[in-house]
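# Observations on the three-dimensional arrangement
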Amino acid sequence: MKIARFSHGESISFGILDEEEDELVVLKADPMYAGYEPTGQRVALADATLLAPVIPRSKVVAVGKNYREHAAEMGGEAPSEPLLFLKPNTSVIGTADIIVLPQQSEQVEHEGELAVVIGRVAKNVSEADAAGVIFGYTVANDVTARDLQRRDGQWSRAKGFDTFCPLGPVIDTELDLEEGIIQTRVNGEVRQQGALSDMVHSIPAIIAYASSVFTLLPGDVILTGTPAGVGPLVDGDVVEVTVSGLGTLTNTARRM
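Okay, so let's go over this structure. (Residues numbered from 1 in each chain as written. Predicted model: local features only at pLDDT ≥ 70, side-chain atom pairs only at ≥ 80, totals over all residues. Heavy atoms only, no water.)

### Points about the pairing of strand β20 (residues 247–255)
Judged from the 4 bridges that link them, strand β9 (residues 98–101) and β20 form a sheet pairing that is parallel. Its bridge partner lying in β20, Ile 98 is registered against Thr 252. Here 6 bridges tie strand β19 (residues 238–243) to β20, and the two strands are oriented antiparallel to one another. Within β20, the residue paired with Val 239 across the bridge is Asn 251. (Pairing = 2+ DSSP bridges. Helix = DSSP H or I, 4+ residues; strand = E, 2+ residues; numbered from the N terminus.)

Here is the structure:
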């Protein structure tokens, strides 16, 4: 099931995507908290504006260097434990929104990723029980000011700018991860491509590790790492991140 958060007219709603009809089945409330009760209304997908499918009320947890080839291109090896960092929820935008290239940075880069959306309170969750706290999956771009990351020696500023966490276009509650491929294109050119199965630390392992550190709350998002091929974004670039079976997240970078 694919869940969208969207605006139509003057209202913001949640809906189930009917891909055969290109329509959204409007729900009465956020299904993460209120279930899947429809209003009886349908909205044509062409008439809706898709928004970030979730706005984390607490945090975005990200995992660094979780693909071996990406770790190598960054000049090191994949860590033996998940390398965690946080992005503020104010960095979240949706598909078709603008990635603002900040004046402080001359080297902003894309990092296409699969994101996990947490659906219930999770603390000290075992790997075996991790699936039970997942609401679904969406596509992410962990936008990074690479020059600031090197300069600061830690990652908060480099990864925390407003607009640096595009999410979307929808949340898929039943994504098949075994055959999944993630691909990032800039202006149509493939920059990154990798199998989700190539993650060093699996999604259950990441959830178990993260929830041993801090409580994960409903709506929290976990970014699971990026394949090799990260590269620059300049003014006017259109970046597309696709996860097979889930959809494509599209954003344009602008220097403002």
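### Quick notes on the sheet that holds strand β13 (residues 144–145)
With antiparallel pairing, 3 strands are arranged side by side in an open sheet as β13-β10-β18. For this open sheet the edge positions go to β13 and β18 (231–232), each flanked by a neighbour on one side alone. By the bridge criterion, 2 bridges tie strand β10 (residues 108–110) to β13 in an arrangement that is antiparallel. Residue Glu 109 lies in a different strand from β13, and its bridge partner there is Thr 144.

### Thoughts on the sheet that holds strand β15 (residues 181–186)
Taken in spatial order, the 5 strands line up as β9-β20-β19-β15-β16 in an open sheet, and their pairing is mixed. This sheet does not close on itself; its edge strands, each paired only once, are β9 and β16 (189–195). Adjacent strand axes in the sheet meet at a mean angle of 20 degrees, parallel and antiparallel pairs treated alike. Relative to β19, β15 runs antiparallel, the two being bridged by 5 bridges. Considered in β19, the bridge of Arg 185 is made with Glu 240. (Axes fitted to C-alpha atoms, helices over the stretch in contact; angles between N-to-C directions.)

Everything listed here is a matter of coordinates, which is why it stays silent on function.
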